[in-house]
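# Report on the structure
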Amino acid sequence: MEERRRAILRELEEMGKVRVTDLSREYGCSEVTIRNDIKILDREGLLKRTHGGAIRTEKEFVRKYSAESIYRNTDKKKKIAACAYEFINDRDTILIDDASNSFYLALYIKEHPEKRLAVITNSLLSGNELAGVGHVDLYMVGGNVGGHLAATMGDAAIQNIEQFRVDKAFIGVHGVNFDVGFTSIAAPQMQVKRAILEISDEVYVLADSSKFGGGYLSVICSIHEVYKIITDDEISKNNVKNAQEASVSLVIAR
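Below is a short write-up of the structure. Here the residue index of a chain counts from 1 through its sequence in written order. Local features in a predicted model are, by the rule used here, given only for residues with pLDDT of at least 70; side-chain atom pairs are given and counted only at 80 or more, and totals for whole chains, interfaces and linings are based on all residues. The side-chain figures draw on all heavy atoms in the structure; neither hydrogens nor water molecules are used.

Next up on the list: the nonpolar core. What we call a nonpolar core is a set of buried Ala, Val, Leu, Ile, Met, Phe, Trp, Tyr and Cys residues that are connected through their side-chain atoms within 4.5 Å. Buried means the residue's accessible area, taken with a 1.4 Å probe over protein chains only, is under 20% of the maximum for its type, while exposed means over 50%, and partly exposed covers the values in between. Counting 43 residues, the largest nonpolar core has Ile88, Ile94, Leu105, Ile109, Phe170 and Ile230 as its most contacted members. Top contributing element to this core by residue count: helix H5 (residues 100-111), with seven residues. Those residues in contact with isoleucine 94 that lie beyond four places of it in its chain are Ile88, Ile109, Leu117, Ala118, Val119, Ile120, Val166, Lys168 and Phe170. Among the nonpolar cores identified, the runner-up in size contains 33 residues, and Val166, Phe178, Ile196 and Leu197 belong to it. Numbering goes from the N terminus for both helices and strands, where a helix is a DSSP run of H or I of at least four residues and a strand is a run of E of at least two. Between two residues, a contact is recorded if the distance between any of their heavy atoms is within 4.5 Å.

Here you go:
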């Protein structure tokens, strides 16, 4: 499903527009399936749905990176990043992981020189944005590079993380499940996030409203092992209630 949607976006990038009937024939699936793909991609702001197909959206900025998840729900991620920045003090030492929400925090830090920070990251994308920024002392976590968002992971990365101690860590998650905890897309990412928990005085989970509920893969930790969850104002009333009942500190960015 994800590969098909990425293929639709690649074709749209080349052609400027696509038709449901053509995509259905090309990918060997029903028109209903293609319409559902287009509907979801339209909701994420990656294309504009039209009668019988879709057209390419006007780009807000040139896409530096190929990972599509960076360009999904960008308005929500920018709100979350701005809110997260308010919890950072001048001269803090912070860690930013390789999640797309964390990437937008790196961009916000880059654009706001009023706080001087030491930033540790395992994200090659965030590191690329923060390298050479005058108000940031950047430290890159070493290790094997992998993952959809190009980050260091594995034993070497975990051992490297264990050498640090940080005031605050900002991490993304695959999902927020109030019964199970925070989930990760795979074991390597989960292991890195667990290592981050161990070396951080406060851990903030940056999770847009689409991350709440659903199933889970690898469990990072329980819902109570982090300091705060920062999300956007489209979170459902039911999930706000769940957070209150679980005594979880939920911050809603507006």
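From this point, the narrative continues.
A word on the packing of aromatic side chains. Remark: the centre distance and the inter-plane angle together describe each pair of aromatic rings, the angle taken between the planes. Think of it this way: a Phe, Tyr or Trp ring, Trp meaning its six-membered ring, pairs with another when their centres are within 6.5 Å, and the plane angle makes it stacked under 30 degrees, edge-to-face over 60, tilted otherwise. Counted according to the given criterion, the structure contains seven aromatic pairs. Ring geometry for tyrosine 139 against phenylalanine 164: centres 6.3 Å apart, planes inclined by 65°, an arrangement best described as edge-to-face. Of this pair, tyrosine 139 sits in strand E6 (residues 136-140) while phenylalanine 164 sits in the loop between helix H7 (155-161) and strand E9 (166-172); the two residues are 25 residues apart in sequence, bridging distant segments of the chain. Measuring from centroid to centroid gives 4.9 Å for phenylalanine 170 and tyrosine 204, while their planes differ by 20°, and the two rings are stacked. Taken together, the residues span a long stretch of sequence, with phenylalanine 170 in strand E9 and tyrosine 204 in strand E12 (residues 200-206) at a distance of 34 residues. Take phenylalanine 170 and tyrosine 204: they sit in the same class, and that class is buried. Taken together, the ring pairs connect Phe87, Phe170, Tyr204 and Tyr227 into an aromatic cluster.

This part is about the sheet that holds strand E11 (residues 181-184). Two strands are counted as paired when DSSP detects at least two bridges linking them. The strand order E10-E11-E13 describes an open sheet built from three strands, whose pairing is antiparallel. Sheet topology places strand E10 (175-177) and strand E13 (218-221) at the edges, where each strand pairs with a single neighbour. Direction aside, neighbouring strands of the sheet carry axes that sit 40° apart on average. Inter-axis angles, ranging from 0 to 180 degrees, are taken between N-to-C directions of lines fitted to C-alpha atoms, where helices are fitted over the stretch in contact. This element, helix H8 (residues 187-198), spans E11 and E13 of the sheet and lies at about 5° to E13.

So, on to the pattern of salt bridges. One speaks of a salt bridge when a side-chain nitrogen belonging to Lys or Arg is within 4 Å of a carboxyl oxygen belonging to Asp or Glu. Under the counting rule described, the total for this entry stands at 15 salt bridges. One salt bridge connects arginine 4 with aspartate 37, and the closest N-O pair in it is separated by 2.5 Å. A residue pair is termed long-range when its members are at least 10 positions apart, and arginine 4 in helix H1 (residues 2-15) and aspartate 37 in helix H3 (residues 31-43) qualify at 33 residues. Like aspartate 37, arginine 4 is buried. The salt bridge partner of lysine 168 is aspartate 92, with a shortest N-O separation of 2.5 Å. Linking lysine 168 in strand E9 with aspartate 92 in the loop between helix H4 (74-85) and strand E4 (93-96), this pair joins segments that are 76 residues apart in sequence.

In this fold, glutamate 14 is placed in helix H1. For the pair glutamate 14 and arginine 56, spaced 42 residues apart in sequence, the C-alpha separation works out to 9.3 Å.

Another point: the sheet that holds strand E1 (residues 17-19). For sheets, the rule is that strands pair by backbone hydrogen bonds, running either parallel or antiparallel. Taken in spatial order, the three strands line up as E1-E3-E2 in an open sheet, and their pairing is antiparallel. Single-partner strands in this sheet number two, and they are E1 and strand E2 (48-50). Averaged over all pairs of adjacent strands, the angle between their axes in this sheet comes to 20°, without regard to strand direction. In terms of strand pairing, E1 meets strand E3 (residues 53-55) through three bridges, oriented antiparallel. Its bridge partner lying in E3, arginine 19 is registered against glycine 53. In this fold H1 packs onto E1 and E3, with an angle of close to 125° to the strand it touches most, E1.

A few words now on the pairing of strand E5 (residues 117-121). Taken across its five residues, E5 has five buried, putting it largely inside the fold. Side chains Leu117, Val119 and Thr121 of E5 all project onto a buried face; the interleaved residues Ala118 and Ile120 project onto the opposite face, where all are buried too. Across four bridges, E4 lies against E5 in parallel orientation. Counterpart to leucine 95 in the pairing with E5 is isoleucine 120. A crossover links E4 with its parallel partner E5, the connecting element being H5, and its sense is right-handed. Relative to E6, E5 runs parallel, the two sharing five bridges. Note on handedness: a clockwise path from strand one over the helix to strand two, with the strands aimed away from the viewer, defines a right-handed crossover.

To continue, consider unusual backbone geometry. Positive phi values are uncommon outside glycine, yet asparagine 73 reaches one of about 50°. One can find asparagine 73 in the loop between E3 and H4. One non-glycine residue, serine 247, adopts positive backbone phi at about 60°. Within the secondary structure, serine 247 is located in the loop between helix H9 (237-245) and strand E15 (250-253). Relative accessible area serves as the criterion here: at 65%, serine 247 is assigned to the exposed category.

Such coordinate-based values are descriptive only and should not be taken to indicate function.
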